[in-house]
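Topology and contacts: notes
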Number of protein chains: 2
Amino acid sequence: MNDYDVRVAHVKGEHVWHSHTDTDEFFLVLSGQFNLTLRNTDGTETSVELVQGDTYVVPKGTEHKPSSPGGSILMFEPSGTSTTGDNFDGELPDHVDSTTGHQL
Amino acid sequence: MNDYDVRVAHVKGEHVWHSHTDTDEFFLVLSGQFNLTLRNTDGTETSVELVQGDTYVVPKGTEHKPSSPGGSILMFEPSGTSTTGDNFDGELPDHVDSTTGHQL
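Quick look at the structure, then.

Conventions adopted
- Residues numbered from 1 in each chain as written.
- Chains lettered and ligands numbered in written order.
- Predicted model: local features only at pLDDT ≥ 70, side-chain atom pairs only at ≥ 80, totals over all residues.
- Heavy atoms only, no water.
- Least-squares fit on C-alpha atoms with pLDDT ≥ 70 in both.
- Contact = heavy atoms within 4.5 Å.
- Salt bridge = Lys/Arg side-chain N within 4 Å of Asp/Glu carboxyl O.
- Helix = DSSP H or I, 4+ residues; strand = E, 2+ residues; numbered from the N terminus.
- Buried < 20%, exposed > 50% of the residue type's maximum accessible area, 1.4 Å probe, protein only.
- Buried area = accessible area lost by both parts, 1.4 Å probe.
- Polar contact = N/O pair within 3.5 Å; in protein donor to acceptor, adjacent residues only side chain to side chain.
- Nonpolar A, V, L, I, M, F, W, Y, C, P; charged D, E, K, R; others polar.

Put simply, the second copy of the chain is the first one after a rotation about an axis and a shift along it. Once chain B is rotated about the relating axis by 180 degrees and shifted along it by 0.0 Å, it coincides with chain A to within an RMSD of 0.0 Å. Taken together, the rotation angle and the small translation identify this as a two-fold axis. Taking the C-alpha atom as reference, chain B places Phe-76 of chain B closest to the rotation axis, 4.2 Å from it. A shared interface surface links the copies, since 93% of the contact residues of chain B are contact residues in chain A too.

This is the structure:
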């Protein structure tokens, strides 16, 4: 809608640490569980465990690492936003889909 | 997030015909049922009946009338968007909340 995408992802396992320089990122858990670990500006980490119906917004510029034992999520973000952000840590594991979305 | 609101509304009854001049409007049905009737450019109407998990985007400028036997919905739209659009038909019934959103 407008210049934003509504994306649904099936998630399992560990994603990579990454951040989006220019955009916040909205998450809604549709099923299962979805965890986010965030790096605070003082270097400490904060973890949130989200279950079905929970929502969370990662502020732009905040490094975060998603993970899940299995679940599905809905995201809202500007079209063209990469799932691995503008910067990510280390190498990309095979199971991580670095994409700006797939058309249904 | 960014300059958008994520809004949840509990809906029941008939809303008013209205349109948003400058923005699309995204709907996700969280529970119950949610119906939309849209006025096509040729004057005919199209109705969609949405149930839990269904999504729909009303394009900007398209007149639409929401109604529901009872349900809850999630909407994405630019902050400041009115629930009754930039134009609405007739008088506003008492049960219709014309708002740009309520803080939780």
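Under the defined criterion, the tally for this structure stands at ten salt bridges over all chains. Note that Arg-39 of chain A and Asp-89 of chain A form a salt bridge whose closest N and O atoms lie 3.2 Å from each other. One end of the pair, Arg-39 of chain A, is in strand S3 (residues 25–39); the other, Asp-89 of chain A, is in the segment after strand S7 (87–88), and 50 residues separate them in sequence. Here Asp-89 of chain A falls in the partly exposed class, since its relative accessible area comes to 34%. Across the salt bridge formed by Lys-65 of chain B and Glu-14 of chain B, the nearest N and O atoms sit 3.4 Å from each other. With Lys-65 of chain B in strand S6 (residues 64–78) and Glu-14 of chain B in strand S1 (residues 4–14), this residue pair connects regions lying 51 residues apart in the sequence. According to the relative accessible area criterion, Glu-14 of chain B is partly exposed, its value standing at 44%. Through salt bridges with shared partners, a single network forms among Asp-5, Arg-7 and Glu-77 of chain A.

What follows deals with the interface of chain B and chain A. Listed by partner, the interface residues are 15 residues for chain B and 14 residues for chain A. For the pair chain B and chain A, the two sides together bury roughly 1200 Å², of which 70% comes from carbon and sulfur. Linking chain B to chain A there are zero salt bridges. Taken together, the connections running from chain B to chain A amount to six residue pairs in polar contact (both at pLDDT 80 or more). In terms of residue count, S6 of chain B provides more of the side of chain B that touches chain A than any other element does, four residues in total. Here the residues of the side of chain B that touches chain A are counted per class, giving nine nonpolar, two polar and four charged.

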